[in-house]
Amino acid sequence: MELNRRTVIASAAAAGLAATTLGGTAEATPAGSSKGRKPVKELFGTLADGTKVHRWSLENGGTRLKVLSYGGIVQSLEIPDRRGRYANVSAGFDNLDDYVASSPYFGALIGRYGNRIGKGQFTLDGKSYQLSVNDGDNSLHGGAKGFDKRVWDVEPFTDSSGVGLHLHYTSVDGEMGYPGTLKVKVTYTLTRHGDWIIDYEATTDKATVVNLTSHVYWNLGGEGSGTIEDHELQIAATRYTPTDSGLIPTGELAKVAGTPFDFRHSKPIGRDIRAGHEQQVMAKGFDHNWVLDKGITAKPEHAATLRDPSSGRSLKIATNEPGLQFYSGNFLDGTLTGTSGRVYRQGDALCLETQHFPDAPNHPSFPSTVLRPGQVYRTRTVHTFGS
Ligand code: GLA
């Protein structure tokens, strides 16, 4: 940690930025302008095998983003409240060791398959595949060593679309049990309006399945500020995918009407979270895939709005994906200490993961997640912030 801090201060000084110490970590402080600035790279830590992990800081349109080469993790995302006061609205850690040892996917890129595949098994073109199983009987978020635990090649850019990073990772044939060499490129862009756009791209050399997403844990009051139960959420979905006790979809597309799953009109997350619906009891809250009414769209369309009435901060999500996993931070249990030194308890942050449906490879009626050689997997999710 000490070594890390010195290195960070040195690299910040070299980059001509002020170095400050916040809650035990040093960071390069942007000059405070809301203009785009070139991404700045600093050392964040070193993995056990000696690989160096860097943190990239970028800013545009009033949004400040910090991204790790490890897992493509959003380590911090700062936006202003209605009075212009900034807070980091993404839960995480202030050091690499905690990310490696105990992260529940904080801020990470998820692949090859976001969410669960039942028993880690599927059949494609008559061939059966056994994936790495890491969640009871099931495979979750790509298996034991998914994209969240890989070091990505990061390439900064500044162009007419904004300021951003290209993240590259090649997943070898057979990795975590998945067929085909998958070449993945994820682009994070901060636009001049302060939107954060994620573009996912992938190609394969054998037929495979892919479902990439991002696992940011939002708390618009600021990470570590307490519960998200007062946040108001709207999801543009008439149906959701009920699950079994292992959180694998049963295949039914159930109506949200008349259930706690009805977020068609904005409501506080806490309003119905204790309703005792059997689906909530199994998931310990909300941890389900909502079937977006818009379906798969050529361009990103509205999926959800999240608003924190006390700070005034808001987040709108648009995507071309057909599904949205809303996870209400049910497994946060007071054992992890977050970026600013406060412990995260159940419901202290929430995820809104744009995706195809969980376990789609085993449900022919769900939109397909199959990618074949010659095809390009391309999806986009746009995060628009307000206050
Ligand atoms: C996803 C899943 C949850 C949980 C979290 C990580 O959102 O749907 O069940 O596994 O990731 O803790």
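It should be noted that the structure appears before, not after, this text.
One numbering rule holds for all chains: residues counted from 1, following each sequence as written. Only residues with pLDDT of 70 or above have their local features reported here, since the model is predicted, and side-chain atom pairs are shown and tallied only from 80 upward, although totals for entire chains, interfaces and linings are computed over all residues. To get the side-chain values, all heavy atoms of the structure are used, and hydrogens and water are removed first.

A. Here's a closer look at the site of the ligand. Being near a molecule or strand, for a residue, comes down to having at least one heavy atom within 4 Å of it. Around the ligand, the structure places 14 residues, and the nearest of them are R116, H141, H215, D287 and E353. In protein, a polar contact requires one atom able to donate a hydrogen and another able to accept it; more generally it is a pair of N or O atoms within 3.5 Å, and residues adjacent in sequence count only if both atoms are side-chain atoms. Within the contact set of the ligand, an oxygen atom lies 2.6 Å away from a side-chain nitrogen or oxygen of R116. The separation between an oxygen atom of the ligand and a polar side-chain atom of D287 is 2.3 Å. Here the open area of atoms and residues is found with the Shrake-Rupley method and a 1.4 Å probe, where only the protein chains shown may cover a residue. For the ligand, the accessible surface in isolation is 300 Å², of which the surrounding protein chains cover 94%. Classification convention: Asp, Glu, Lys, Arg as charged; Ala, Val, Leu, Ile, Met, Phe, Trp, Tyr, Cys, Pro as nonpolar; all other residues, Gly among them, as polar. Within the shell around the ligand, the residues separate by chemical class into seven nonpolar, four polar and three charged.

B. Region of the structure containing the packing of aromatic side chains. To pair, rings of Phe, Tyr and Trp, with the six-membered ring standing in for Trp, must have centres within 6.5 Å; the planes then decide the type, stacked if under 30 degrees apart, edge-to-face if over 60, and tilted in the middle. Taken as a whole and judged by the stated rule, the model has 25 aromatic pairs. Seen from their ring centres, W290 and F326 are 5.6 Å apart, and the 50 degrees between their planes marks the pair as tilted. Of this pair, W290 sits in strand 23 (residues 287–292) while F326 sits in strand 26 (residues 323–327), placing them 36 residues apart in sequence. The class for F326 is buried, based on a relative accessible area of 0%. An aromatic cluster is built from F44, F93, Y99, F106, Y217, Y327, F331 and Y344, whose rings are joined through pairwise contacts. The ring of Y86 carries R64 above its face, with NZ or CZ at 3.7 Å from the centroid. Put simply, DSSP marks the helices as runs of H or I at least four residues long and the strands as runs of E at least two long, and each gets a number from the N terminus on. Relative accessibility decides the category of a residue: with a 1.4 Å probe and only protein chains considered, values under 20% of the type maximum give buried, values over 50% give exposed, and everything between is partly exposed. Charges are assigned to positions over rings by a cutoff of 6 Å between ring centre and Lys NZ or Arg CZ, combined with an angular limit of 35 degrees from the ring normal.

C. How the structure looks around the sheet that holds strand 4 (residues 52–60). Between any two strands, pairing holds if DSSP finds at least two bridges. If you walk across this open sheet you meet the five strands as 3-4-5-6-7, and the pairing is antiparallel. At either margin of the open sheet sits one strand with a lone partner, and together these are strand 3 (37–46) and strand 7 (86–88). Taking each pair of neighbouring strands and ignoring which way they run, the sheet shows an average axis angle of 15 degrees. Here, axes are lines fitted to C-alpha atoms. For helices the fit covers the stretch in contact, and angles between N-to-C directions go from 0 to 180 degrees.

D. Expanded view of the pairing of strand 15 (residues 182–190). Taking burial as the measure, the nine residues of strand 15 include seven buried ones, the bulk of the element. As judged from the nine bridges shared by strand 14 (residues 162–171) and strand 15, these two strands associate in the antiparallel manner. Bridging from a neighbouring strand, L165 pairs with Y188 of strand 15. Between strand 15 and strand 16 (residues 196–204), which pair antiparallel and follow one another directly, the connecting turn spans five residues, one of which, G194, has a positive phi of 85 degrees.

E. Geometry of the side chain of D195. Note that D195 resides in the loop between strand 15 and strand 16. Note on definitions: a residue-residue contact is assigned when non-hydrogen atoms from the two residues lie within 4.5 Å. The residues contacting D195, other than those within four sequence positions of it, are T189, L190, V382, H383, T384 and F385.

F. Representation of the sheet that holds strand 14 in the model. Spatial ordering of the open sheet is given by 13-14-15-16-31-25-24-19-22, a layout of nine strands whose pairing is antiparallel. The open sheet has two free edges, formed respectively by strand 13 (153–159) and strand 22 (267–268), since each of these has just one partner strand.

G. Structural detail: the nonpolar core. As used in this record, nonpolar core signifies buried Ala, Val, Leu, Ile, Met, Phe, Trp, Tyr and Cys residues forming a set joined through side-chain atoms within 4.5 Å. Counting residues in hydrophobic clusters, the biggest one holds 55 residues, and the most contacted among them are W196, W218, I235, W290 and F326. With five residues, the single largest contributor to this core is strand 15. If you look at the next biggest cluster of nonpolar residues, it comprises 19 residues, including I73, A91, Y99 and Y327.

H. The arrangement of the pairing of strand 24 (residues 301–307) in detail. The sheet contact formed by strand 19 (residues 232–235) and strand 24 spans four bridges and is antiparallel. By the bridge assignment for strand 24, Q234 is matched with T305. Strand direction decides the pairing type here: strand 24 and strand 25 (residues 314–319), joined by six bridges, are antiparallel. When the sheet's bridge partners are listed, T305 is paired in strand 25 with K316. Between strand 24 and strand 25, which pair antiparallel in sequence order, lie six residues; one of them, G312, sits at a positive phi of approximately 85 degrees.

This is a description of form; function is not addressed.
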